[in-house]
Amino acid sequence: MTVPEQNHFACSRCILTKADAPNLTFDEDGVCDQCRSFDIAYAKVPRTWDEAEPELNRTVEQLKAAGKGKPYDCLIGLSGGVDSTYIAYLMKQHGLRPLAVHFDNGWNTELAVENIDRIVTRLNIDLVTYVIDIEVLTDHAIFWALYDIAMRNRIKYIISGVNVATEHIMPDGWNYEKYDAYNIMDIYRKHGGARKLSNYPLMDRRKWRKLMRSGIEQIQILNLIPYDVAEVRETIERELGWRPYTGKHHESIFTRFYQGYLLPRKFGVDKRKAHLSNLVCSGQMTRDEALREFQQEIYSPEEQREDLEFVCKKLQISQEEFEDFMRAPPRRHLDFENHKWFFARYPIFKPLLPLWRLYKRRTA
Ligand SMILES: [Zn+2]
């Protein structure tokens with residue numbers, strides 16, 4: 001069968017196209033490399049609870065053993081979203097004693113705060129709220145803070161919500177590694193203006209070394225179970241009184257605005273395409289359902305306007321400044337210094353850094 005010309009550019013299984021991700025490649029069946037990568041990762045994930053049981057039980061025992069004689073068995077992040085809420089539930093179901101950490105970067109929606117309240121009350125979990133003063137780059141800050149809190153509480157295991165069933169697919173160039181302190185610092189140096197970054201928990205070499213020595217490990221618990229979002233939502237609504245958000249990661253106003261307004265308008269990236277494709281691949285949605293869902297507006301224009309005002313106010317910029325930023329040509333993370341960069345690889349040459357930067361400024 002010959003494939004019609006235009007279909008060479010759209011995956012025959014998920015909803016990604018070459019227009020979304022120019023690096024996408026297709027095999028002879030018209031299936032894209034993101035789908036194939038998903039298949040490989042998903043082959044290791046159990047599809048039924050029976051299949052999941054031995055490994056899950058072994059992990060639970062491992063966590064209990066590590067927590068023996070201590071107040072907690074493990075550390076969990078709690079954003080109030082589906083994944084972290086379910087992890088909290090799952091931990092308690094298995095008789096574990098998690099310490100929950102919630103990161104308040106000042107962008108939580110009211111609903112997220114209510115959900116977190118309900119979860120910790122119903123499950124009777126200890127909660128630490130960690131306030132991050134600076135609104136940018138929350139993921140980088142969270143990464144360090146989780147290890148820091150685990151070290152302080154002598155907790156060996158951090159439970160991660162990363163999972164193949166709902167969030168494996170992510171085309172090249174749609175996101176960037178959150179751990180790259182070089183990249184953050186260079187962007188800050190060039191565009192940070194006069195704002196101070198002194199409170200920001202940057203992952204420098206000293207922190208990396210401390211983290212490596214800590215022996216703390218991450219466990220991706222959602223990859224050890226059959227993770228079905230519709231079922232999980234129903235469970236946490238029923239058991240914890242959890243209330244749903246309109247989109248994935250919409251528990252934060254900034255994430256909602258970033259994924260729903262800024263990324264699609266400035267960078268032409270609509271992450272819903274990756275998320276929906278992922279659900280198609282894991283059999284939680286048909287391709288037609290995903291395409292229909294994608295046709296819906298990301299979120300209402302009124303909400304977008306409200307969020308835009310809120311974001312500008314909170315970042316202390318005018319709406320004109322924001323519009324200038326939106327009009328400026330997009331830049332890639334790799335246009336800035338990054339961890340693959342020469343001086344990051346060979347710190348012995350670091351004394352030459354000021355000279356190099358001077359040279360770059362002259363030639364820029
Ligand atoms: Zn695909």
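Residues numbered from 1 in each chain as written. Predicted model: local features only at pLDDT ≥ 70, side-chain atom pairs only at ≥ 80, totals over all residues.

**Looking at the overall build of the protein**
Looking only at helices and strands, one finds 16 helices and five strands in the protein. A compact globule built from 364 residues would reach a C-alpha radius of gyration of about 21 Å, and the protein, at 22 Å, matches this within 12%. Counting only C-alpha atoms and orienting by the principal axes, one finds that the protein spans roughly 60 × 60 × 45 Å. For the protein, buried positions account for 30% of its 364 residues. (Helix = DSSP H or I, 4+ residues; strand = E, 2+ residues; numbered from the N terminus. Rg over C-alpha atoms; globule rule 2.2 N^0.38 Å. Buried ≥ 20, exposed ≤ 12 C-beta atoms within 10 Å, placed from the backbone.)

**Description of the domain arrangement of the protein**
Under the domain assignment used here, the protein contains domain 1 (50–240) and domain 2 (333–363). Of note, the centres of domain 1 and domain 2, computed from C-alpha atoms alone, are 32 Å apart. Between domain 1 and domain 2, the contact holds six residues from the first and seven residues from the second. A per-class count over the side of domain 1 that touches domain 2 returns three nonpolar, one polar and two charged. (Domains from an automatic or database assignment. Contact = placed C-beta atoms within 7 Å. Nonpolar A, V, L, I, M, F, W, Y, C, P; charged D, E, K, R; others polar.)

**Here's the deal with the nonpolar core**
Among the nonpolar cores identified, the biggest contains 44 residues, and C74, L75, I76, I87 and A88 are the most heavily contacted of them. Ranked by residues supplied to this core, first place goes to helix α3 (residues 82–93) with seven residues. With near-sequence residues (within four places) excluded, I87 lies in contact with I76, I159, G161 and I221. Ranked by size, the runner-up nonpolar core spans 17 residues in total, among them C14, C35, L276 and C281. (Core = buried A, V, L, I, M, F, W, Y, C linked by C-beta atoms within 7 Å.)

**Regarding the sheet that holds strand β2 (residues 98–104)**
If you trace the five strands from one edge of the open sheet to the other, you get β3-β2-β1-β4-β5, paired in parallel fashion. Each edge of the open sheet is held by one strand with a lone partner, namely β3 (126–131) and β5 (217–220). Averaged over neighbouring strand pairs, the angle between their axes works out to 30° when direction is ignored. Bridging between strand β4 (residues 157–160) and β5 involves four bridges; their strand directions are parallel. By the bridge assignment for β5, S160 is matched with Q220. Contacting β1 (74–77), β2 and β4, α3 runs over the sheet at an angle of about 155° to β1. (Pairing = 2+ DSSP bridges. Axes fitted to C-alpha atoms, helices over the stretch in contact; angles between N-to-C directions.)

**Describing unusual backbone geometry**
In this structure, N124 is a non-glycine residue whose phi angle is positive, near 55°. Among the structural elements, N124 can be located in the loop between α4 (110–123) and β3. Located in the positive-phi region is R154, a residue other than glycine, with phi close to 55°. As for its placement among the helices and strands, R154 is situated in the loop between α5 (138–152) and β4. Its 13 C-beta neighbours within 10 Å are what place R154 among the partly exposed residues.

**Structural notes on the confidence of the model for the protein**
Within the protein, residue pLDDT values average 87, and 92% of them lie at 70 or more. Within the model, pLDDT remains below 50 along residues 1–7, and this stretch shows three contacts once partners closer than five positions in the same chain are excluded. (pLDDT = per-residue confidence, 0-100.)

**Focus on helix α1 (residues 33–42)**
Among the residues of α1, those classed as buried are Q34, C35 and F38. The arc that holds every buried residue of α1, seen down its axis, measures 100°, which confines them to one face. Close packing links the buried residues of α1 with α11 (272–281). (Arc of directions from axis to C-beta.)

**What to know about the packing of helix α10 (residues 253–267) against helix α13 (residues 301–315)**
Where α10 contacts α13, the axes come no closer than 10 Å and their chain directions differ by 120°. The pairing of α10 with α13 is recorded here as oblique in orientation. Crossing geometry of α10 relative to α13 is assigned as left-handed. Seen from α10, the contacting residues are I253, F254, R256, F257, G260 and Y261; seen from α13, they are Q304, D307, L308, F310 and V311. (Parallel < 35°, antiparallel > 145°, perpendicular 65-115°, else oblique. Left-handed = near helix turned anticlockwise from the far one by under 90°.)

**Section: the environment of H191**
For H191, the location among the structural elements is in helix α7 (residues 181–191). H191 sits in the exposed class, given 10 other C-beta atoms within 10 Å. H191 sits 157 residues away from I348 along the chain, and the two C-alpha atoms are 27 Å apart.

**Here we look at the pairing of β2**
Of all seven residues in β2, six are buried; the element is thus mostly enclosed. As paired strands, β1 and β2 are joined by four bridges and run parallel to one another. From the neighbouring strand, I76 faces β2, where its bridge partner is A100. Regarding topology, α3 serves as the crossover connection from β1 to the parallel β2, and that connection is right-handed. Regarding topology, α4 serves as the crossover connection from β2 to the parallel β3, and that connection is right-handed. (Right-handed = clockwise from strand over helix to strand, strands pointing away.)

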